[in-house]
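Descriptive structure summary
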Amino acid sequence: MDVQFPVLSADELVRKLEAPKGKVRMVLDTDTFNEIDDQFAVIYALLSPEKIELQALYAAPFFNELSTGPKDGMEKSFQEINRILKLMDREDIPVYRGSEAYLPAAYSPVHSDAAANLVERAMACKPDDPLYVAAIGAITNIASAILLEPRIIERMVVIWLGGNALEWPDTREFNLAQDIHASRILLDCGVPLVLIPCMGAASNLRTTLSEIRDYVKPSGEIGEYLYETYRNCKENHFAYSRVIWDISVIAWLNQPGFVPSRLTQSPRLAEDFRWSIDSSRHLIRCASYIDRDAVFHDLFSKLANREGRNPSINDQ
């Protein structure tokens, strides 16, 4: 497949990679059934209407012990998204099935309802008022949309939780490694990209069962849901904490100061899942740290406020 990507100037990339000052239109691409953190991220986005207008959700493929393959993972994620929207009384937001397989080869898109909808929504935006695409799973749906209509590069900004920190010994991370062809498309095509590395950045976002019990469980039906989801992820929680990776992407949109970042050249992705840096490459924004306490304070406060509770009550 012969694809010509639009080339954005360095000045335009710098402008689009600045944190948005106002409310943004956003779509969320999520492998929601894969882990327990996507559920937190979807709910965090829904609880942030002052910064985020969540227009659609896309089910991303995944393949691990919770699925029989990418298609099954995508379908389970589709069902989980709808379950969350029902609990949140937000069934007005459309949900689209994503790719049933990873990219079979470089520059070979996988057609899906999610990819088609992303093309439609992005093309309806103006270059100076882009669509924000938050991605917290394999990047298959977004890469496919870019290959199907490269002009969307000019009309969107992607925030992706993927790979590890640029100085990490390797970048063999679940979201990135599942679909290496799609990951390369995202890094190589020149789309404005905010990269949130897993190890070295999002890995700061650890919490415990006791913290979830004290500050999430009291928040009504959705708090109970998140608490049970967390509690059931492990049989014994003694001296155990877990990273809620995916809320990092929402945190950057809500409060970019919680997620310090820098402009750098987009890395190249080698076959052995290592980064290499080329100073001639286009710019991306890359997170270097996440203020764990500030992010969880924001999330827990929004959950409490939804139920009309004062979150400081439990600060004893």
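Attention now moves to helix α4 (residues 113–123). One full turn of an α-helix is made of 3.6 residues, so residues set three or four places apart face in the same direction. Within the span of α4, buried status applies to A114, A115, N117, L118, V119 and A122. Considering only its buried residues, α4 is in contact with β1 (24–30), β2 (52–59), β3 (95–97), β4 (131–135), α5 (140–148) and β5 (156–161).

This part covers the pattern of salt bridges. Summed over the entire model, instances satisfying the criterion amount to 20 salt bridges. We note a salt bridge from K16 to E12, for which the minimum N-O separation is 3.3 Å. Placement of both K16 and E12 in helix α1 (residues 10–16) is noted, with a separation of 4 residues, approximately one turn of the helix. Classification of K16 as buried rests on a relative accessible area of 7%. E211 is the partner of R292 in a salt bridge, and the nearest nitrogen-oxygen pair spans 2.5 Å. Taken together, the positions of R292 in helix α11 (residues 292–306) and E211 in helix α8 (residues 209–215) put the pair 81 residues apart, joining distant regions of the chain.

Unusually for a residue other than glycine, Y107 sits at a positive phi of about 65°. Mapped onto the secondary structure, Y107 falls in the loop between β3 and α4. The phi dihedral of A239 is positive, around 50°, even though this residue is not glycine. Tracing the sequence through the fold places A239 in the loop between α9 (220–231) and β8 (242–243). The exposed category is assigned to A239, whose relative accessible area is 76%.

What follows covers the environment of F5. With respect to the element layout, F5 can be found in the segment before α1. Taking the C-alpha atoms as reference, F5 lies 24 Å from I136; in sequence the two are 131 residues apart.

What follows is about the packing of aromatic side chains. In this structure the tally under the stated criterion is 4 aromatic pairs. Seen in terms of ring centroids, Y58 and Y96 are 5.9 Å apart; in terms of plane orientation they differ by 65°. Their pairing is edge-to-face. In this pair, Y58 sits in strand β2 while Y96 sits in strand β3, placing the two residues 38 residues apart along the sequence. Judged by relative accessible area, which is 22%, Y96 ranks as partly exposed.

The next point concerns the environment of D188. You can see D188 is positioned in helix α7 (residues 180–188). Accessibility expressed as a relative area gives 34% for D188, which makes it partly exposed. Apart from residues no more than four positions distant in its own chain, D188 is found in contact with R281 and H282. Engagement of the side chain of D188 in a polar contact is seen with the side chain of R281, the distance being 2.7 Å.

So, about the sheet that holds β4. Across a sheet, paired strands are connected by hydrogen bonds in the backbone, their directions being either parallel or antiparallel. Spatially, β3-β2-β1-β4-β5-β6-β12-β9 is the arrangement adopted by the 8 strands of the open sheet, whose pairing is mixed. Strand pairing shows two members of the sheet lacking a second neighbour, β3 and β9 (261–265), which therefore form its edges. Within this sheet the neighbouring strands show an average axis-to-axis angle of 25°, counted without direction. Pairing of β2 with β3, which is carried by 3 bridges, proceeds in the parallel orientation. Bridging across to β3, L57 finds its partner in V95. On the sheet, helix α10 (residues 247–254) packs against β1, β2, β4, β5, β6 (193–196), β9 and β12 (283–287) and is oriented at approximately 135° with respect to β5.

To continue, consider helix α3 (residues 70–87). Over its 18 residues, α3 runs 26 Å from end to end, which matches the ideal 26 Å to within 8%, given 1.5 Å per residue. Listed in full, the buried residues belonging to α3 are P70, G73, M74, S77, F78, E80, I81, I84 and L85. Among the structural elements, β1, α2 (37–46), β2, β3 and α9 are those in contact with the buried residues of α3. Of the residues flanking the end of α3, it is D89, one or two places downstream, whose phi is positive at about 55°.

Scoring rules and cut-offs
- Residues numbered from 1 in each chain as written.
- Predicted model: local features only at pLDDT ≥ 70, side-chain atom pairs only at ≥ 80, totals over all residues.
- Heavy atoms only, no water.
- Buried < 20%, exposed > 50% of the residue type's maximum accessible area, 1.4 Å probe, protein only.
- Helix = DSSP H or I, 4+ residues; strand = E, 2+ residues; numbered from the N terminus.
- Contact = heavy atoms within 4.5 Å.
- Salt bridge = Lys/Arg side-chain N within 4 Å of Asp/Glu carboxyl O.
- Phe/Tyr/Trp six-rings, centres within 6.5 Å; stacked < 30°, edge-to-face > 60°.
- Polar contact = N/O pair within 3.5 Å; in protein donor to acceptor, adjacent residues only side chain to side chain.
- Pairing = 2+ DSSP bridges.
- Axes fitted to C-alpha atoms, helices over the stretch in contact; angles between N-to-C directions.
- Expected span 1.5 Å × (residues − 1).

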